[in-house]
Amino acid sequence: MYNLKIISSTVRPGRKGPMIAAWIAEKAAQTGKFEVEILDLGAINLPMMNEANPPIRKNYEHEHTRNWSAKIEAADVFIFVTAEYDFNYPAPLRNAIEYLYSEWNYKAAGIVSYGGISAGTRAANSLKADLATMSMVPLVHGVNFPMFTQFITEEDEFVPNEISHKSAETMLIDLIRWTKGLKVIKENK
């Protein structure tokens, strides 16, 4: 089993990211290939980067950074659940990524994006570029939800369509393949 961390990026009141993260977590658990944990940035509440040393040194002064480092280091693979704010992904996610460096290296990343007409794809593309600078492998296949509120019922439940389920299945299969291969690269044997 691979240790999958699902990072929910939104922090503002009324956010819908956690329900989308819960949906993809359930899909991942159903494969039987992942041990899944959701890391909700709204609950973790990392302050704006406040470490004096560059992340590449791993010389962390603050307990919140050491805790974040341990969570990310333990992961074999990630799924980022991101909204699109102003044509990009949310600032708290950028902050959370930049707290660390080597903990992210040589790990695959799937992206589930949501938004209006663009389905969060501009945010996903921006995120892919930034993840690559952390020596991560962002997948080509992802899941995106256009006009995402159409998938939220009056009872505040997230109910995606069949296309979304198929997209998630494709992404999860890719995550398994890439994670298996990247373990060899990370171990450098």
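Basis of the calculations
- Residues numbered from 1 in each chain as written.
- Predicted model: local features only at pLDDT ≥ 70, side-chain atom pairs only at ≥ 80, totals over all residues.
- Heavy atoms only, no water.
- Helix = DSSP H or I, 4+ residues; strand = E, 2+ residues; numbered from the N terminus.
- Contact = heavy atoms within 4.5 Å.
- Lys, Arg positive; Asp, Glu negative; His and termini not counted.
- Charge placed at Lys NZ, Arg CZ, Asp CG, Glu CD.
- Buried < 20%, exposed > 50% of the residue type's maximum accessible area, 1.4 Å probe, protein only.
- Salt bridge = Lys/Arg side-chain N within 4 Å of Asp/Glu carboxyl O.
- Axes fitted to C-alpha atoms, helices over the stretch in contact; angles between N-to-C directions.
- Parallel < 35°, antiparallel > 145°, perpendicular 65-115°, else oblique.
- Left-handed = near helix turned anticlockwise from the far one by under 90°.
- Nonpolar A, V, L, I, M, F, W, Y, C, P; charged D, E, K, R; others polar.
- Polar contact = N/O pair within 3.5 Å; in protein donor to acceptor, adjacent residues only side chain to side chain.
- Phe/Tyr/Trp six-rings, centres within 6.5 Å; stacked < 30°, edge-to-face > 60°.

## Examining the overall build of the protein
Looking only at helices and strands, the protein features 6 helices and 6 strands. In sequence order, the secondary structure elements of the protein are arranged as β-α-β-α-α-β-α-β-α-β-β-α. In the protein, of all internal contacts separated by at least 6 residues, the share reaching a separation of at least 24 is 80%. Between the centroid of the 20 positive side chains of the protein and the centroid of its 22 negative side chains there is a distance of 7 Å.

## Describing unusual backbone geometry
Notably, Asn 45 is not glycine yet its phi reads approximately 55 degrees, a positive angle. For Asn 45, the position within the fold is in the loop between α2 (41–44) and α3 (63–74). A relative accessible area of 59% means that Asn 45 is categorised as exposed. Even without a glycine there, the phi angle at Ser 135 is positive, about 60 degrees.

## Let's talk about the pattern of salt bridges
Tallied over the entire structure, the rule returns 12 salt bridges. Between Asp 76 and Lys 183 there is a salt bridge; the shortest N-O distance is 3.1 Å. Of this pair, Asp 76 sits in the loop between α3 and β3 (77–83) while Lys 183 sits in helix α6 (residues 162–187), placing them 107 residues apart in sequence. A network of salt bridges, in which partner residues are shared, links Lys 5, Glu 37 and Lys 71.

## Here we look at the packing of helix α1 (residues 17–30) against α6
Across the interface, α1 lies against α6 with an axial gap of 10 Å and an inter-helix angle of 55 degrees. Viewed along their axes, α1 and α6 adopt a mutual orientation that is oblique. Between α1 and α6 the crossing geometry is right-handed. When α1 is examined against α6, the residues Trp 23, Ile 24, Lys 27 and Ala 28 are found in contact with a partner set consisting of Ser 164, His 165, Ala 168, Glu 169, Met 171 and Leu 172. For the contact of α1 with α6, the per-class residue count stands at 6 nonpolar, 2 polar and 2 charged.

## With respect to the side chain of Asn 105
Examined against the element boundaries, Asn 105 turns out to sit in the loop between α4 (91–98) and β4 (108–114). Using a relative accessible area of 9% as the deciding quantity, one classes Asn 105 as buried. Of note is the side chain of Asn 105, whose polar atom sits 3.1 Å from the backbone oxygen of Tyr 101. The residues contacting Asn 105, other than those within four sequence positions of it, are Met 134, Ser 135 and Lys 186.

## Section: the packing of aromatic side chains
Centre-to-centre distance and the angle between the planes together describe a pair of aromatic rings. Applying the stated criterion to the full structure yields 10 aromatic pairs. Seen from their ring centres, Phe 78 and Trp 104 are 5.0 Å apart, and the 55 degrees between their planes marks the pair as tilted. Of this pair, Phe 78 sits in strand β3 while Trp 104 sits in the loop between α4 and β4, and the two are 26 residues apart along the sequence. Comparing Phe 78 with Trp 104 shows no difference in burial state: the two are buried. Plain terms: the ring middles of Phe 145 and Phe 158 are 5.1 Å apart, the flat faces sit at 80 degrees to each other, and that makes the pair edge-to-face. Separated by 13 residues along the polypeptide, Phe 145 in strand β6 (residues 143–145) and Phe 158 in the loop between β6 and α6 bring together distant segments of the chain. Phe 158 sits in the buried class, given a relative accessible area of 13%. One aromatic cluster in this structure is built from Trp 23, Phe 145, Phe 151 and Phe 158.

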